[in-house]
Amino acid sequence: MTDDSGAETTEVGDLAPFARAEYLPEQETSAPMKPDLFGTWDAWDVVRRVCRYHARLFVALALPRYLPSAPVQSRWLSEPVHILTIDANTFLKNQKSYPVLSRAHQGLISRFMRLKTQPWIILCDVGAIPDPFQENTASPTPSEAAQRSAPNGKRNHDQTPHLSYIRNLQTKQPSRTPMERFGVGYQDYLQAPLQPLTVNLESVTYEVFEKDPIKYEWYERAIEKALKDWVTQEKKASCPDGRIVIAVVGAGRGPLVTRAIRASVEAGVDIEIWAVEKNQNAFLHLQRQNQTAWADCVNLVQSDMRSWKGPCCEAAQDTNVQDNSGPGDDSVSYYPVDILVSELLGSFGDNELSPECLDGVTHLLNLSHGISIPASYTAHLTPISSPRLHADVTAQSISNPAAPETPYVVMLHAFDFLSTVQSTSGTVSPKPSASQTSSSSSNKLPKTPTPPPTLERPAPIVQTAWSFSHPNNNIPPPSKSSSVLSNEHNVRQTRLTFPCRERGVCHGLGGYFETVLYDGVELSTNPVTMDAKSEGMISWFPIYFPLKTPLHVPENSEVVVTMYRQTDNRRVWYEWIVEVFEIRDSTGSLASPRTNGARRHRVAMSDFHSSIKDGCLM
């Protein structure tokens, strides 16, 4: 696992430090060479690169008695480890002289057991497994005879204690998180991002999104809070009869409509609600929902939200409006929307054209105090190492040359963060269950066995790329010389620097987002903030920006990411480039980025990547 030979032995160690100086040879007085914790991984990386990330190349990893630091363990968790070997010397003895593993070993094995492909565990030098079919005709020894004549209440001697312990450890694994249960089969599976503007989503896709236990609950909270604030602040509603106008644009099969109605009931505020959807199949479902679940209180509009002219008095009398996006009728009276609700966010926040869609309906909002839910969202990036994803992208590039320049939606599973903060511990105890908590409070032992600790992954450094806010008051007016609306105001660019303490290989970038639905109500896929803001949310997987050629990252270096969000008024795409800089002091030696007089030297740079061929059509 490492190049530290001292971690593999159980001997007392070198006694030379305890000897007198006159009895020591001169060559042994020098300081011992510091072990290279990533040396074994470096050797494996050389083999893998020579074999061009072959799909049938796997790792057999021997667990030492003393595990290395958390970054080394996390690195091996991103590799295709198919065999774990555990020597008898790795086990400890508990109070009953039974072989057990340390908490650190339990945490590491627990993480390996949660991988998509669980490794085989091979026990070495723990004795032979007795053959139950072998007849033993020899006379028993006195101790064996005493054991056979022991009363039934005494536990029989375990002839394979190491194997029994590993099997028991496997049965006590902590329960999987909602995201892990939802993502079974999707781990490290590359998926092209959705293009909802040009492709009508299937009903099964809507059904998958609607299973999220967190997202729609948070949306309901945001709508309810917005309604209460509207009444408290005594804002004037736009509906002629005094009700607050809520429009759900991109309504899909109507989960947000249901939540908006519930929020209205909880807040005790009357609303007039509109649902706009262009997908004709989803619109049929909305009509059925309006008749069976919503008591025909929802005004339905089948139209692209960008061509919708807004609520009108005539349509409010007929709750099934097919389309009011055509030429306006002077006899129809339109009025603004007070609260605009949408769920157009993608894995990177803006990658499914949420800014462009909401810009098309901003003019319908109440000019003085209109509310958009979500109010804002930010995109986030961090460099990652993922050999599995790089191998899959390389395999796809044979039939699809644009594969290395396509952003993918993927449930990141076997990967490692390259830019991390210093971790204080390697393992963390699992959260106690309700039964365990109640048992502890009554000073009784819990009935459920305590699961083993899990390995705590080093916290990543995730930085903000750019942000969008709605309603956007900086939309340029349409040009008189062209019928095409300009989208230049939604162009973005960023340049981010990530410090990397440990060496590794950068295979791509992991993308996330955070959004503020309403004041105090937020959703996040950012691994740093997701547990605090929206723990258990399953609607979005991260986005992965691959690199054509992996970049070697030295220790104490910096990875610089430059990314653009581009548009030609017909589609939107991303462009990115990654550079690696080594930090050296005035003498040319490797140094920390904080060293006075240190200078950066570029040691690697990726190709220029552009997803224009698979850009999202407007």
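Conventions and cut-offs
Residues numbered from 1 in each chain as written. Predicted model: local features only at pLDDT ≥ 70, side-chain atom pairs only at ≥ 80, totals over all residues. Heavy atoms only, no water. UniProt positions renumbered as here; feature names shortened; annotations may be inferred. Pairing = 2+ DSSP bridges. Helix = DSSP H or I, 4+ residues; strand = E, 2+ residues; numbered from the N terminus. Axes fitted to C-alpha atoms, helices over the stretch in contact; angles between N-to-C directions. Polar contact = N/O pair within 3.5 Å; in protein donor to acceptor, adjacent residues only side chain to side chain. Contact = heavy atoms within 4.5 Å. Parallel < 35°, antiparallel > 145°, perpendicular 65-115°, else oblique. Left-handed = near helix turned anticlockwise from the far one by under 90°. 1 Å grid on protein atoms, 1.4 Å probe; cavity = no way out; pocket = protein on both sides within 12 Å on 5 of 7 lines; lining within 4 Å. Points joined across faces, edges and corners; volume = space filled by probe spheres on them. Phe/Tyr/Trp six-rings, centres within 6.5 Å; stacked < 30°, edge-to-face > 60°. Buried < 20%, exposed > 50% of the residue type's maximum accessible area, 1.4 Å probe, protein only. Lys NZ or Arg CZ within 6 Å of the ring centre and 35° of its normal. Salt bridge = Lys/Arg side-chain N within 4 Å of Asp/Glu carboxyl O.

As annotated in an unreviewed UniProt entry, the protein carries the name Protein arginine N-methyltransferase and is attributed to Uncinocarpus reesii. The Sequence similarities (unreviewed entry) field of the UniProt record for the protein holds the comment "Belongs to the class I-like SAM-binding methyltransferase superfamily."

> How should I be thinking about the sheet that holds strand β1 (residues 59-63) in this particular structure?
Strands pair in a sheet through their backbones, by hydrogen bonds, and they do so in one of two ways: parallel or antiparallel. Strands sit in the order β1-β2-β5 across an open sheet of three strands; the sheet is parallel. Where the open sheet ends on each side, the last strands, each with one partner, are β1 and β5 (120-124). Averaged over all adjacent pairs, the angle separating strand axes in this sheet is 25°, with direction ignored.

> Hey, could you run me through the side chain of aspartate 350 in this one?
Position of aspartate 350 among the secondary structure elements: in the loop between β10 (339-342) and α12 (354-359). At a separation of 2.6 Å, a polar atom in the side chain of aspartate 350 contacts the side chain of arginine 565. For aspartate 350, the residues in contact, after removing those within four places along its chain, are Pro355, Tyr377, Ala379, Trp466, Phe468, Arg565 and Tyr574.

> Help me understand the packing of helix α2 (residues 70-77) against helix α3 (residues 103-113) in this model?
Helices that pack against each other are described as a pair by the angle of their axes relative to one another and the distance between those axes. Look at α2 against α3: their axes get within 11 Å of each other, and the N-to-C directions meet at 20°. Classified by the angle between their axes, α2 and α3 sit roughly parallel to one another. Taken as a pair, α2 and α3 cross one another with a handedness that is right-handed. Of the residues in α3, those in contact with Gln73, Trp76 and Leu77 of α2 are Leu108, Arg111 and Phe112.

> How do you make sense of empty space enclosed by the protein when you look at a structure like this?
Rolling a probe over the atoms, with the probe sized like a water molecule, indicates the empty space that remains. Tallying each qualifying case throughout the model produces one cavity of 30 Å³ or more. Size it by volume and the largest cavity reaches roughly 80 Å³. For the lining of the largest cavity, the secondary structure elements donating two or more residues are α2 and β14 (416-417). With three residues, the single largest contributor to the lining of the largest cavity is α2.

> Explain the layout of surface pockets to me, please; I cannot follow it from the model alone.
Within this model, the second largest pocket holds a volume of roughly 970 Å³. Around the second largest pocket, the lining comprises 44 residues; the ones closest to its centre are Leu194, Leu201, Thr205, Phe209 and Glu352. For the lining of the second largest pocket, the secondary-structure elements that each account for two or more residues are α7 (203-209), α8 (215-232) and β7 (271-277). Among the elements that take part in the lining of the second largest pocket, α7 stands out by supplying five residues, more than any other.

> Can you walk me through the packing of aromatic side chains in this structure?
Scanning the entire structure with this criterion turns up 14 aromatic pairs. Seen in terms of ring centroids, phenylalanine 348 and phenylalanine 545 are 5.2 Å apart; in terms of plane orientation they differ by 70°. Their pairing is edge-to-face. Highlighted residues: phenylalanine 348 in the loop between β10 and α12 and phenylalanine 545 in strand β21 (residues 543-553), separated in sequence by 197 residues. Neither residue differs from the other here; phenylalanine 348 and phenylalanine 545 are each classed as buried. Taken together, the aromatic side chains of Phe348, Trp466, Phe545, Tyr574 and Trp576 make up a single cluster linked through ring pairs. The ring centre of tryptophan 218 lies 4.1 Å from the NZ or CZ of arginine 221, which sits over that ring. Directly above the aromatic system of phenylalanine 581 lies the positively charged group of arginine 600, at a separation of 4.2 Å from the ring centroid.

> Could you clarify how one ought to interpret unusual backbone geometry in this entry?
The phi angle of most residues is negative, glycine excepted, and most peptide bonds adopt the trans form. Here the amide bond leading from isoleucine 373 into proline 374 is cis, since omega sits at 10°, within 30 degrees of zero. One can find proline 374 in the loop between β11 (371-373) and β12 (376-385). Cis geometry marks the peptide bond from histidine 470 to proline 471; its omega dihedral reads 0°. Relative to the helices and strands, proline 471 is located in the loop between β17 (463-469) and β18 (492-500). Even without being a glycine, tyrosine 53 presents a positive backbone phi close to 55°. Secondary-structure assignment places tyrosine 53 in the loop between α1 (39-50) and β1.

> Is there a simple way to think about the environment of proline 130 in this case?
Mapped onto the elements of the fold, proline 130 is located in the loop between β5 and α4 (142-148). Distance from proline 130 to threonine 160, taken between C-alpha atoms, is 8.3 Å for residues 30 residues apart in sequence. Those residues in contact with proline 130 that sit more than four places away from it in its chain are Gln159 and Thr160.

> Teacher, can you tell me more about the pattern of salt bridges here?
Any two side chains of opposite charge can pair, given that their charged atoms come close. Summed over the entire model, instances satisfying the criterion amount to 28 salt bridges. Close ionic contact of glutamate 210 with arginine 253 constitutes a salt bridge, the shortest N to O distance being 2.9 Å. Note that glutamate 210 is positioned in the loop between α7 and α8 and arginine 253 in the loop between β6 (244-249) and α9 (255-267), a separation of 43 residues in sequence. A residue is classified by how much of its surface remains accessible, and glutamate 210, at 28% relative accessible area, is partly exposed. Judged by its relative accessible area of 15%, arginine 253 is buried. Between arginine 565 and glutamate 356 there is a salt bridge; the shortest N-O distance is 3.0 Å. Placement of arginine 565 in strand β22 (residues 557-567) and of glutamate 356 in helix α12 is noted, with a sequence separation of 209 residues between them. Residues participating in the shared-partner salt-bridge network are Asp36, Asp42, Arg503 and Glu555.

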